[in-house]
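Secondary and tertiary structure notes
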Amino acid sequence: MAATESTASPLLSMRAISKAFGGIPALSAATLDVAVGEVHALIGQNGAGKSTMIKILTGYVARDAGEIVFDGGPFEASSPQDAQAKGISTIYQEINLVPYRSITENICLGRESRRFGLLDWAAMHNEARALLSRFKIDVDVRRPLMRFSTATQQMVAIARAIGFKAKLVIMDEPTSSLDEREVNVLFDVIRQLRRSGVSVVFVSHKLDELYAVCDRVTIMRDGRTVRTSEMKDVSKVELVASMLGRDVAQVAKSATAFGGPSTHIGATTLEASHLSAGHKVHDVSFSVRKGEIVGFAGLLGSGRTETARVVFGADPVRSGALTFDGASFAPRQPEDAIGRGVGFASEDRKLEGIIPDMSVAENLTLALLPQLTRAGVIDAARQRAVVLKFIASLGVKCSSPDQPIRELSGGNQQKVLLARWLAMGSKLLILDEPTRGIDVGAKAEIQRIIKQLAEDGLGVLMISSELEEIIEGSDRVFVLREGRSVAELPHGEASEAAVMAAMAHGEAQPAEQEHA
Amino acid sequence: MAQAEIANPGVSRRRDWRPFLSRYATLGALIALILFNLAITNNFASWRTLDVNLTQVASIVIVGVGMTLVIATGGIDLSVGSLMAIAGALAPIIFLGKIYKIPEIHLAVAVAMVVSILVAGAFGWFNGWLITRFRIQPIIATLVLFIAGRGIAQVSTNGNLQPFKLDEFQWIGLGRIFAPGNPTANGFKGIPDQVLVMVVIVALAAWALNRSLFGRQILAIGGNERAARLAGVPVATVKRWVYCISGLCAGVAGLVHIAINSSSDANLVGMGMELDAIAAVAVGGTLLSGGRATVTGTLIGALIIQLVRYTLLANGVPDDAARLVKAALIIGAVWLQRRGKA
């Protein structure tokens, strides 16, 4: 509908934007163009550079190179406040409001109306009411924000952003905390904004939403803009393919070090049926057998990590059943799962994996430590023997077992964390993004280790956002989409096309029949 | 495994000098302070000086040990002063036979000591329960007993001073071992019992922190609680025990305090002790955010604070001014820690 004008007058043009953090490029000559009154989708996998792009635009970080033209002139924001004053407002995933203060105060924060040096409450209440009525919200604006539903709070955040007479509103996953009705309200708001000439940059991982509300889409990958097109000209599978980089001809036959499928697959170790938990897991069923690598594929926010955490007892389960080694399994704490022989390496090594100040030896034996003690006293000799054994067998490069783990490279830290569970004699290993943030050489090494572990009889549940890893490494692939397991594909059938189709539509058929 | 590889000893290890700096900085400061006193203060090199300083520092160190463990988990315990008051109020009630008269005095004292220390420990456990069960921030959770604890002590004694003169009990504050039969020329009067208690507690805690499962789990929780939980460390249990130990230490210190004074005043026992203990921990080089802790550092930290105060007093500077110096010491310690982290 607005597509014809959308190509006409550009509101924002970001050209050749580059940015590196500590020598590692986050953006390499990325571009983004948004027309007046256009709803523009910005999508990409984790680390694609979306958030860096937004942070540069809103003055949160400074760019290294490139130029930004906004509203007909060069644009430079020194801070998010500055960007807001110049017409670019951002609504973040998490709600950046003051829960204890009234709606009026939240909306008018930082630009209070004054009379005789005092706050003019009547005027402010009126302004807040007028703004919210645009969103069809009729509430008592004097009540504290925290008394209202998350949706209303979200709307207040949006109202606050637009209340600044914004020309461009950036919405970073605005629907992640909304239910269906609220999402529809939000979409009405977005359409209304478009009609009144306000542009919207819409970041979301829910593909259906993009088609519902966006005019054009920019796809980013590895810090570059890989595609910009009209929303109606691109299918969901194409979107997924572009995000994952599948449109580039893959020269290398085998991009990972997994080798072929596993040969010694045994009895079922873990079986999960119809799990639901939290906001992100609705209906997930899968199983892992002895000696098998099971891959979890899915877009960001599809519930892979959340499912893994439930299996490990780190988060509570709402419904569904788990069995482990044929017996029922209901871990309430990670300790319970560990006791049964489950290990879990989190996707965020720094935050949830390593104890940075402790040594390699202590990090390696953290889970095993209770078994290395006699009457509560650590048997240092046995501890050292275990540590040296795993340092040697996994090839951990460290100066000594006493070196603080924070000084190790990402790949070596990951090996230590793998060893933490191997030392326990775990039967099932859950690996969340096992090769993220690890350089290419170490990556292949980790992949070979995982393969070897499966050959040795371990069941492995591997979550990965890298399609090669899932397709080449997994003996079976389960595809998750919006908190549901939507497809189960054995090694041979898990082609890129099939996995991507399932990620996009929830069905594993390559969708030639699809129309945008 | 196929890719087996021996750890490469050639990888150069950058020596991490920062913990050494902060540890030896405190020790260096203590030595400098002693040297300074030897030069300036009259009669510094005497048994009497050592005696006075060690006697005064003992209860701070005992509480500081518990505090070190708490801070090592990333927490804080504001209730220690009030728990001292509770233990200090309870012990005389028992050994003076105000509720039930135990005929054998040694038994009465033993019961009084054990019960009052255990009660303080139970209150400490309650702190840990509040913190782990309801996820209350430690500073708030322990504020509850900081306020209520002294109230409990006052109510249980009706706000009365409890005077006593009882050698069977007061050994813990006034007794000495290796005391020479006759006063010696050099003024050596033996080692005060509370100093011995202090040394035992410091040694035990320092050993446990480094060598026991419990100690390593404390540091793992302080270093990265989420990672520790995902590695199966029973975070809640460990934390409850740590706060319990802090309470037990406070109980012991409370008994020492009333033994020295020959009386128990619920309004005064352990007043401001929480801050003295935290100061000793901070000056001693324990990371206030948790994960890195040194019990011997706390001992040194307490000695530094005590010695600074003594130095100023011995040289005619009033106690109020000495507080400023104490504050400056804490700032200096935190600054050192910041540098260590940067």
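Residues numbered from 1 in each chain as written. Chains lettered and ligands numbered in written order. Predicted model: local features only at pLDDT ≥ 70, side-chain atom pairs only at ≥ 80, totals over all residues.

Turning our attention to the overall build of chain A. Of regular secondary structure, chain A possesses 18 helices and 24 strands. Computed over the C-alpha atoms, the radius of gyration of chain A is 25 Å, within 12% of the 24 Å expected from 2.2 N^0.38 for a compact globule of 516 residues. Taken along its principal axes, the extent of the C-alpha atoms in chain A is 75 × 55 × 45 Å. Summarising the internal contacts of chain A: among those between residues at least 6 apart in sequence, 67% fall at separations of at least 24. (Helix = DSSP H or I, 4+ residues; strand = E, 2+ residues; numbered from the N terminus. Rg over C-alpha atoms; globule rule 2.2 N^0.38 Å. Contact = placed C-beta atoms within 7 Å.)

In this section: the overall build of chain B. Across its full length, chain B carries 13 helices and 4 strands. Taking 342 residues into account, the globule formula puts the C-alpha radius of gyration at 20 Å, and chain B, at 22 Å, falls close to it. Dimensions of chain B along its principal axes, counting C-alpha atoms only, are 75 × 55 × 35 Å. For chain B, the residues scored as buried account for 46% of the 342 residues in total. Of the contacts made within chain B by residues no fewer than 6 positions apart, 76% connect residues no fewer than 24 positions apart. (Buried ≥ 20, exposed ≤ 12 C-beta atoms within 10 Å, placed from the backbone.)

A few words now on helix α11 (residues 273-283) of chain B. Residues and elements named next belong to chain B. Extensive coverage of α11 is indicated by the burial of 10 of its 11 residues. Among the residues of α11, those classed as buried are M273, E274, D276, A277, I278, A279, A280, V281, A282 and V283. Looking one or two residues beyond α11, the residue adopting positive phi is G285, at roughly 100 degrees.

All names here are of chain A. In this structure, D71 sits in the loop between β4 (65-70) and β5 (73-74). Owing to 14 C-beta atoms within 10 Å, D71 belongs among the partly exposed residues under this scheme. The spacing of D71 and L11 is 60 residues in sequence and 5.0 Å in space, taken between C-alpha atoms. In contact with D71, not counting residues within four places along its chain, are L11, G87 and K167.

Residue and element names in this part refer to chain A. Ordered by their spatial adjacency, 4 strands build an open sheet running β2-β1-β4-β5, and the pairing between neighbours is antiparallel. With partners counted over all chains shown, the strands left at the sheet margins are β2 (24-35) and β5, one partner each. With 5 bridges joining them, strand β1 (residues 10-21) and β4 adopt antiparallel strand pairing. By the bridge assignment for β4, M14 is matched with I68. (Pairing = 2+ DSSP bridges.)

A common way to report how large an interface is uses the accessible area buried once the components associate. Across the boundary between the two partners, chain B contributes 30 residues, which contact 39 residues of chain A. Of all elements in the fold, only α8 (213-223) and α9 (225-230) of chain B reach the threshold of two or more residues within the side of chain B that touches chain A. Here the side of chain B that touches chain A gets 6 residues from one element, more than from any other, and that element is α8 of chain B. Here the side of chain B that touches chain A is composed, by residue class, of 15 nonpolar, 7 polar and 8 charged. (Nonpolar A, V, L, I, M, F, W, Y, C, P; charged D, E, K, R; others polar.)

With that settled, the discussion passes to the environment of P25 of chain A. All names here are of chain A. Checked against the element boundaries, P25 lands in strand β2. Residues P25 and G223, 198 residues apart in the sequence, show an inter-C-alpha distance of 7.3 Å. Apart from the residues within four sequence positions on either side, P25 is in contact with S18, A20 and G223.

Once that is clear, we can look at the sheet that holds strand β6 (residues 88-91) of chain A. Strands belonging to one sheet form pairs held by backbone hydrogen bonds; the direction of such a pair is parallel or antiparallel. Residues and elements named next belong to chain A. Taken in spatial order, the 6 strands of this open sheet run β6-β9-β10-β3-β11-β12, and their pairing is mixed. One side of each edge strand has no neighbouring strand; the edge strands of this open sheet are β6 and β12 (224-230). Averaged over all pairs of adjacent strands, the angle between strand axes in this sheet comes to 20 degrees, irrespective of strand direction. In the sheet, strand β3 (residues 39-43) pairs with strand β10 (residues 199-203) via 3 bridges, with the strands oriented parallel. Across the sheet, the residue bridging to H40 is V201, located in β10. (Axes fitted to C-alpha atoms, helices over the stretch in contact; angles between N-to-C directions.)

On to the pairing of β3 of chain A, then. Residues and elements named next belong to chain A. With 5 of 5 residues buried, β3 lies mostly within the body of the structure. Alternating residues of β3 divide into V39, A41 and I43 and H40 and L42, and every residue in both groups is buried. As paired elements, β3 and strand β11 (residues 216-221) share 4 bridges and run parallel to each other. Bridge assignment links A41 to a residue of β11, and that residue is V217.

By size, the foremost hydrophobic cluster in this structure holds 247 residues, and its most contacted members are V460 and V499 of chain A together with V61, I62 and A87 of chain B. By residue number, the principal contributor to this core is helix α10 (residues 235-261) of chain B, which donates 15 residues. If we skip the residues at most four places from it in the chain, V61 of chain B touches M198, V202, A280, T298, L299 and A302 of chain B. (Core = buried A, V, L, I, M, F, W, Y, C linked by C-beta atoms within 7 Å.)

Here we take up helix α12 (residues 295-314) of chain B. Residue and element names in this part refer to chain B. In a regular helix each residue adds 1.5 Å, so 20 residues correspond to 28 Å; α12 covers 28 Å between its end C-alpha atoms and thus fits that length. Among the 20 residues of α12, 14 are classified as buried, and the element is accordingly described as predominantly covered. The positive-phi residue at the C-terminal boundary of α12 is G316, with phi of around 85 degrees. (Expected span 1.5 Å × (residues − 1).)

Turning next to the packing of helix α4 (residues 105-133) of chain B against α10 of chain B. Residue and element names in this part refer to chain B. Packing of α4 against α10 leaves a shortest axis separation of 6 Å and a crossing angle of 145 degrees. Here the hand of the crossing between α4 and α10 comes out right-handed. Taken together, the residues of the contact of α4 with α10 break down into 15 nonpolar, 10 polar and 2 charged. (Left-handed = near helix turned anticlockwise from the far one by under 90°.)

Another aspect to go through is the packing of α4 of chain B against helix α5 (residues 138-156) of chain B. Residue and element names in this part refer to chain B. Across the interface, α4 lies against α5 with an axial gap of 8 Å and an inter-helix angle of 145 degrees. The handedness of the crossing between α4 and α5 comes out as right-handed. From α4, F123, N127, L130 and I131 reach across to α5, where they touch P138, A141, T142, V144, L145 and G149. Considered class by class, the residues forming the contact of α4 with α5 number 7 nonpolar, 3 polar and no charged.

Below, the discussion takes up the environment of I330 of chain B. All names here are of chain B. Residue position: I330 is located in helix α13 (residues 319-341). Accessibility expressed as a C-beta count within 10 Å gives 17 for I330, which makes it partly exposed. Non-local contacts of I330, meaning those with residues more than four positions away in its chain, are made with A279, A282 and V283.

All right, on to unusual backbone geometry then. Residues and elements named next belong to chain A. Despite not being glycine, H274 shows a phi value in the positive range, around 50 degrees. Within the secondary structure layout, H274 lies in strand β13 (residues 268-277). The backbone phi angle of D325 is positive, close to 50 degrees, even though this residue is not glycine. Judged by the 16 C-beta atoms lying within 10 Å of it, D325 is partly exposed.

All names here are of chain B. Taken as a whole, chain B shows an average pLDDT of 88; of its residues, 91% reach a score of 70 or greater. Low confidence marks residues 1-13, where pLDDT is under 50. Its contacts with residues over four positions away, or in another chain, come to 26 contacts. Predicted as a complex, the structure gets a pTM of 0.75 and an ipTM equal to 0.84. (pLDDT = per-residue confidence, 0-100.)

Further remarks concern the confidence of the model for chain A. Residue and element names in this part refer to chain A. Mean pLDDT for chain A: 85, with 91% of residues reaching 70 or above. Long-range and interchain partners of residues 248-253, a stretch whose pLDDT sits below 50, account for 1 contact in this model, where long-range means more than four residues apart. Scored below 50 in pLDDT, residues 510-516 shows 13 contacts in the model against residues more than four places distant or in partner chains.

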